[in-house]
Amino acid sequence: MPTPPYVRTSVVAVMLCLIVFGCDVSKEAPRQQPSLDVSKAAPYRVLGKKTWGFMNAERGTIFIFAPDAAGFDQRAQTVMKAALDLSAQYGLDDTEVLLLSDEKLLERGTQYARAVYRNDKARLPGQDAWEVTTSDDVLTEKELAVVRLWYGNADRFNTKEGYTDHERLNKFIARQMHMREDEVDLPAPITRPYEAKYK
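Residues numbered from 1 in each chain as written. Predicted model: local features only at pLDDT ≥ 70, side-chain atom pairs only at ≥ 80, totals over all residues. Heavy atoms only, no water.

Draft legend 1. Focus on the nonpolar core. Residues Ile-64, Val-79, Met-80, Leu-99, Trp-130 and Val-132 are the most contacted members of the largest nonpolar core, which totals 25 residues. Breaking this core down by element, the ones donating at least two residues are strand E2 (57-65), helix H2 (72-90), strand E3 (94-100), strand E4 (111-118) and strand E5 (130-134). Those residues within four positions of Trp-130 in sequence are excluded, and the remaining contacts are Leu-36, Met-80, Ala-83, Leu-84, Ala-115, Val-116, Tyr-117, Ala-196 and Tyr-198. Counting 11 residues, the second-largest nonpolar core is a separate cluster that includes Ala-154, Phe-172, Ala-174 and Met-179. (Core = buried A, V, L, I, M, F, W, Y, C linked by side-chain atoms within 4.5 Å. Buried < 20%, exposed > 50% of the residue type's maximum accessible area, 1.4 Å probe, protein only. Helix = DSSP H or I, 4+ residues; strand = E, 2+ residues; numbered from the N terminus. Contact = heavy atoms within 4.5 Å.)

Draft legend 2. Structural view of the side chain of Arg-75. Relative to the elements of secondary structure, Arg-75 occurs in helix H2. One buried charged residue, Arg-75, forms no salt bridge at all, with the nearest opposite charge on Asp-136 at 6.2 Å. Excluding residues within four positions of it along the chain, Arg-75 makes contact with Ala-69, Ala-70, Leu-99, Tyr-112, Ala-113, Thr-134, Ser-135, Asp-136, Asp-137 and Val-138. (Lys, Arg positive; Asp, Glu negative; His and termini not counted. Salt bridge = Lys/Arg side-chain N within 4 Å of Asp/Glu carboxyl O.)

Draft legend 3. How the structure looks around the packing of helix H3 (residues 141-153) against helix H4 (residues 166-177). Where H3 contacts H4, the axes come no closer than 10 Å and their chain directions differ by 135 degrees. In this view, H3 runs oblique relative to H4, as classed from their interaxial angle. Helix-helix and strand crossings are classified by hand; for H3 and H4 the assignment is right-handed. Facing Lys-142, Ala-145, Val-146, Leu-149, Trp-150 and Asn-153 of H3, the residues of H4 in contact are His-166, Leu-169, Asn-170, Phe-172, Ile-173, Gln-176 and Met-177. Partitioning the contact of H3 with H4 into residue classes produces eight nonpolar, four polar and one charged. (Axes fitted to C-alpha atoms, helices over the stretch in contact; angles between N-to-C directions. Parallel < 35°, antiparallel > 145°, perpendicular 65-115°, else oblique. Left-handed = near helix turned anticlockwise from the far one by under 90°. Nonpolar A, V, L, I, M, F, W, Y, C, P; charged D, E, K, R; others polar.)

Draft legend 4. Seen up close, the pairing of E3. Among the seven residues that make up E3, seven are buried, leaving the element largely enclosed by the rest of the structure. Alternating positions in E3 separate into two faces, Asp-94, Glu-96, Leu-98 and Leu-100 on one and Thr-95, Val-97 and Leu-99 on the other, with burial throughout. Of the strand pairs in this sheet, E2 and E3 are connected by six bridges, and their pairing is parallel. Bridge pairing links Gly-60 to Thr-95 in E3. (Pairing = 2+ DSSP bridges.)

Now the structure itself:
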C-alpha cells in the first residue's frame, strides 16, 4: 500500500527540523511556573481557627501571631506563607489568615495583616487567587492595653439588644487606664493592599 502524501510530508518536516535546527521532538520542554516570593516571611504561631464548608468548598479563618514580623512586606509575606502552609495542612480551598497584634487576644483583636488564598475550586470566575492587606504600623504598649481591655470586657457591657454599650465601656477603660473618657480610642493599624510577588 503506498504511503499517504500527508504522512510523507510530516516525516520530511520532522527530518528537516532535526537537521537544520537540532529540534528535540521526543518531548516538549516543561514550562517553569513562577513561584510565590515569601522569602521575607517570619516564623508564626497558630492561635486558633474556624473551619466550615460552603458551596462544595472547605473554608477557614486562621489566627496567627508572629512577633518578629515587622514592616509592610514582611507581614504580608508572613500571612501569605501561612495561608499556603495551613491550606495544605487543614485541607482548605478558601483560606483566610489574620495576623493579630497580641497573642493574649486569641481570636479577637487588631490585625496587622490579612491574607485570603483561594484555589481553583473556591475561586469564582474573574476572582484573584490572592487578597492581601498589610500595615507597617506598630501599636504601643498603651494602645495594646486599650485593645485588651476593650475586647476582654466588651461582653460585660452589652445592651438588652445585644450591642456593645460603648459609653459604659469607655468609662470602664478610662478608669482602668487612668485617662479621660475622650482619650479612649480603639486603635486600628492602617492597612493597604499588597500585590503578590513572584520569582
